[in-house]
Structures are given as C-alpha cells and as structure tokens.
Amino acid sequence: MFRNASKSLTTSDEVYEYALSLLDRREHGEKELVQKLKRRCPSSELIRETVAKLKEYDLLNEERYARRVFESWRARKVYGRLHLQAELIKKQVSEAYIPVILDMLSEEEESWRVQAAYRQIAARRDKKYDCTTEKGMAALARYFSARGFGPSMIRLGLALAKEEAGTVWQEK
C-alpha cells in the first residue's frame, strides 16, 4: 500500500497505517518514528494523534525500544559502556531511559567484554599491539578506548595483556 514514497499522507487512517507498517518491520523510538512520518505527512496534528494512539495501544513503547537497542548492542561482544551510551544516543533513545539501560550493564559484564576485546586483538598477533613495548601498550589503550571502554576497564585490559605476555607492567 505504501510503495509510492512520494505520496503524501493526508488522512488520519493513512498516517496510522503507515506508522503500523513501519513498526511491523522493527521497533522504533518515538523521535525516529515522528521523523519518518514527517517525511510523508505535512500535518503535525495528524502525526501527534497517531503517536498518541500508538502509545495508547502500547505499539510505541520507548522503554521496550531502549531495551531492544541494548540487546542488539549486547550481541556485539567487544564494546564498552561509553560505546553503549553513544549507540543509545545515536538511536535516539529517550534521555530518560539512557541511565536505566546503562545500569543494566554490570561492571562484571564490562570486564568480561574488555577481556573479549583483548582476546580478539591478541588473536591477530599484530606487532602493533605488542604489550612488551610502550608503543604497543599505547596502541592497545587506544584500541580499548575506541571501543568505548573507560579508564578502569582500559587498565584492566592492559593488566590482562601484560599478564598474558608474562611480564609485570609498572605504571609510570
């Protein structure tokens, strides 16, 4: 029914049907859904009505959307808390749910993730990440940082690298 992307939606029923077709494909957050509806519907009043109706029937649920984004992120094993926060912001999750979702990531799980990230990079056997050299340790720290790990997790990852390399690393 909605194959013609240039067709403007003019009635409440058309806007609602289009919103349902979007939600049928995958979960959306309110901001994202409103943006998509605005592309096809010039009436902000019709969009507001549709969003209210979808919320009333629990077809549009921001908390459920935030949890889906978290579960999708969780499937990728080598990223840290800061990456999760950036992903939630990028996916336009409501700011009210971001701290709730971040609390769902335990420190234990994040430490497991930094270990998985180290094991992934260690499997490459890339001399760039040779943890017996200062340059290698710096490269490894940048690797962890780029994957969204905070300072405490980076220290944990570097300690693991040194331990597996059979040397004792001393902070300067």
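Residues numbered from 1 in each chain as written. Predicted model: local features only at pLDDT ≥ 70, side-chain atom pairs only at ≥ 80, totals over all residues. Heavy atoms only, no water.

(A) Fine view of the overall build of the protein. Each helix and strand in the protein was counted, giving nine helices and zero strands. Ordered by position in the sequence, the α and β elements of the protein form the string α-α-α-α-α-α-α-α-α. Taking the principal axes of the C-alpha coordinates as reference, the protein spans close to 70 × 30 × 25 Å. Considering the protein as a whole, with its 172 residues, one finds that 41% of them fall into the buried category. In the protein, 60% of the contacts between residues at least 6 apart in sequence involve partners at least 24 apart. (Helix = DSSP H or I, 4+ residues; strand = E, 2+ residues; numbered from the N terminus. Buried < 20%, exposed > 50% of the residue type's maximum accessible area, 1.4 Å probe, protein only. Contact = heavy atoms within 4.5 Å.)

(B) Highlighting helix H4 (residues 62-74). For H4, with 13 residues, the first-to-last C-alpha span of 18 Å sits near the 18 Å given by 1.5 Å per residue. Every buried residue belonging to H4 is among Glu-62, Tyr-65, Ala-66, Val-69, Phe-70 and Trp-73, and all of these are buried. One side of H4 carries all its buried residues, which in axial view fall inside an arc of 140°. On its buried face, H4 sits against helix H2 (30-40), helix H5 (81-90), helix H6 (98-104) and helix H7 (107-124). For H4, the side-chain oxygen to backbone nitrogen distance between the N-cap and Glu-63 is 3.0 Å, and the N-cap itself is Asn-61. (Expected span 1.5 Å × (residues − 1). Arc of directions from axis to C-beta. Polar contact = N/O pair within 3.5 Å; in protein donor to acceptor, adjacent residues only side chain to side chain.)

(C) Structural detail: the packing of H4 against H5. Contact pair H4 / H5: the axes reach a minimum separation of 10 Å and the direction vectors enclose 135°. As far as their axial angle goes, H5 and H4 are oblique. The handedness of the crossing between H4 and H5 comes out as right-handed. Seen from H4, the contacting residues are Ala-66, Val-69, Phe-70 and Trp-73; seen from H5, they are His-83, Leu-84, Glu-87 and Leu-88. When the residues that make up the contact of H4 with H5 are grouped by side-chain class, the tally is six nonpolar, one polar and one charged. (Axes fitted to C-alpha atoms, helices over the stretch in contact; angles between N-to-C directions. Parallel < 35°, antiparallel > 145°, perpendicular 65-115°, else oblique. Left-handed = near helix turned anticlockwise from the far one by under 90°. Nonpolar A, V, L, I, M, F, W, Y, C, P; charged D, E, K, R; others polar.)

(D) Spotlight on the side chain of His-28. One can find His-28 in the loop between helix H1 (12-25) and H2. Here His-28 falls in the buried class, since its relative accessible area comes to 1%. Among the polar contacts listed, one links the side chain of His-28 to the backbone oxygen of Arg-26, at a separation of 2.9 Å. Polar side-chain contacts of His-28 include one of 3.1 Å to the side chain of Lys-36. The residues contacting His-28, other than those within four sequence positions of it, are Leu-22, Leu-23, Leu-33, Lys-36, Leu-60 and Tyr-65.

(E) Main features of the packing of H1 against helix H3 (residues 44-56). Viewed as axis vectors pointing N to C, H1 and H3 meet at an angle of 50°, and their least axial separation amounts to 9 Å. When the interaxial angle is binned, H1 and H3 end up oblique. Taken as a pair, H1 and H3 cross one another with a handedness that is right-handed. Between H1 and H3, the contacting residues are Ser-12, Val-15, Tyr-16, Ala-19, Leu-20 and Leu-23 on the first element and Leu-46, Glu-49, Thr-50, Lys-53 and Leu-54 on the second. A breakdown of the residues in the contact of H1 with H3 according to their chemical character gives seven nonpolar, two polar and two charged.

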